[in-house]
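Structure assessment
Okay, here's what each chain looks like letter by letter:
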Amino acid sequence: MIDSTSMCSHLQRKLFDADGEYRAIREQIENDPELTAVVRSRQLHIYRNSQKILILAGKSAPKILRDDDLMKLL
């Protein structure tokens, strides 16, 4: 489960609303044991096997750091 207490409100809506644009990514994070997510500076940092692959922010575009299958869900 992703801790949303210090997350940007725009990002919370994109992740947790039924029609949010990052809903599929949140579901993948919750179902894939290789993926972990940490909230830092109100953004969601996503890791696969301890390698940072993606940063999601509320109002700005996602920052893709590594090629991964998760990018197909953006």
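Note that residues are indexed from 1 along each chain, following the sequence as it is written. This being a predicted model, a pLDDT of at least 70 is required before a residue's local features are given, and a value of 80 or more before pairs of side-chain atoms are given or counted; all residues contribute to the totals for chains, interfaces and linings. In computing side-chain properties, one takes all heavy atoms of the structure into account and sets aside hydrogens as well as water.

1. With respect to the environment of Ala24
By the criteria applied, helices consist of DSSP H or I runs no shorter than four residues and strands consist of E runs no shorter than two, each listed in order from the N terminus. Relative to the assigned elements, Ala24 resides in helix α2 (residues 23–31). Summary of the burial criterion: residues with accessible area below 20% of their type's maximum are buried, those above 50% are exposed, and those between are partly exposed, where the area comes from a 1.4 Å probe applied to protein chains only. The exposure class assigned to Ala24 is partly exposed, which follows from its relative accessible area of 28%. Separated by 50 residues in the primary sequence, Ala24 and Leu74 have C-alpha atoms spaced 8.4 Å apart.

2. Some remarks on helix α1 (residues 9–16)
Those residues of α1 not exposed but buried are Leu11, Lys14 and Leu15. The buried residues of α1 all sit within an arc of 95 degrees when viewed along its axis, so they share a single face. Of the surrounding elements, those touching the buried residues of α1 are α2, β2 (43–48) and β3 (51–56). Directions drawn from the helix axis to the C-beta atoms are what define this arc. Residues count as neighbours in contact if any of their non-hydrogen atoms are within 4.5 Å of one another.

3. Brief notes about the environment of Asp69
Mapping Asp69 onto the fold places it in the segment after β4 (63–64). Sequence-wise, Asp69 and Ser50 are 19 residues apart; in three dimensions their C-alpha atoms are separated by 16 Å.

4. Some thoughts on α2
Three or four residues apart is the spacing at which side chains of an α-helix point the same way, because the helix has 3.6 residues per turn. Taken residue by residue, α2 has Ile25, Arg26 and Ile29 as its buried positions. Along the axis of α2, the buried residues cluster in a sector spanning 100 degrees; they form a single face. For α2, the secondary structure elements touched by its buried residues are α1, β1 (35–40), β2 and β3.

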